[in-house]
Amino acid sequence: MLKKQLEKHIAYALTTEEKKLNLYPEEKEYVVKHQLLSSNIIVVDLDSDTRYFNAVIERCNKETEELISKEKLSFLNQPLNYLKVHRNEFLYVESTSLENIGVDSIALEFDEVFEAYTAMMGLKLQKKFGDAIKTYFDNHLQGDKTEYSVLFSTEDGMWHVNFPINFVDQFHMEMSLKEAYELIYRFLFTLVEDVEDNQ
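Turning our eyes to something else, we now look at the overall build of the chain. For the chain, the helix and strand inventory stands at 5 helices and 9 strands. Along the chain, from the amino end to the carboxyl end, the secondary structure elements read α-β-α-β-β-β-α-β-β-β-α-β-β-α. Against the 2.2 N^0.38 benchmark of 16 Å for 199 residues, the chain shows a C-alpha radius of gyration of 17 Å, consistent with a compact globule. The buried share among the 199 residues of the chain stands at 45%. A separation threshold of at least 6 residues defines the contact pool for the chain, and within that pool the share at least 24 residues apart is 59%. Of the roughly 10,900 Å² that the chain leaves accessible, carbon and sulfur atoms contribute 46%. Charged side chains of the chain number 21 positive and 36 negative; the gap between the two group centres comes to 3 Å.

Take a look at the structure:
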């Protein structure tokens, strides 16, 4: 999926007059590593800060899932601790920038039971990748209490994934919501890359 998505972007860029390809750091590293670029294309480096420029950002009630408020991008500059203080809320972010990794949106909340910040999303990988996804989580979440959930839904044909970001490498309590979303994105990017490279 990741390779197909990036090949699609490259093919489209080649049809344009400018032949420019906009890539975030992870994507650029991927296309270079997998030798997907042709010499007649110009790569434009995108700053990770721009990933959520056109995102839908919503604060929602955890119990009812009702919308509390739509937020501007600047809301993501809030400290991650916001979710611990407002335990009745979860943050929902939907962005086209997530499509390459097979995700439409990511919800983030503070889980009082496990005292951890939990990321939740639907991951569009085939059912056959179940063992590879679980192995990735087992190998890349660090800590003794790493409770995660990976369930395949035949109804919508995707994996319903929940995992505590506290156990992801480079997590720290002082990070902003935006930094937390970037951490989740990088973790999922390498998950999809690892699963696809080892199929």
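Moving on, there is more to tell.
Taken residue by residue, helix α2 (residues 25-33) has Glu-26, Glu-27, Tyr-30 and Val-31 as its buried positions. Buried residues of α2, seen end-on, are gathered within an arc of 125° and therefore sit on one face of the element. Those residues of α2 that are exposed and angled more than 90 degrees off the buried face are Glu-29, Val-32 and Lys-33. The elements touched by buried residues of α2 are α1 (2-15), β1 (20-23) and α5 (177-197). One or two steps after α2, the chain reaches Gln-35, where phi turns positive at roughly 50°.

What counts and what doesn't
- Residues numbered from 1 in each chain as written.
- Predicted model: local features only at pLDDT ≥ 70, side-chain atom pairs only at ≥ 80, totals over all residues.
- Heavy atoms only, no water.
- Helix = DSSP H or I, 4+ residues; strand = E, 2+ residues; numbered from the N terminus.
- Rg over C-alpha atoms; globule rule 2.2 N^0.38 Å.
- Buried < 20%, exposed > 50% of the residue type's maximum accessible area, 1.4 Å probe, protein only.
- Contact = heavy atoms within 4.5 Å.
- Areas by Shrake-Rupley, 256 points an atom, 1.4 Å probe, with all protein chains shown as cover.
- Lys, Arg positive; Asp, Glu negative; His and termini not counted.
- Charge placed at Lys NZ, Arg CZ, Asp CG, Glu CD.
- Arc of directions from axis to C-beta.

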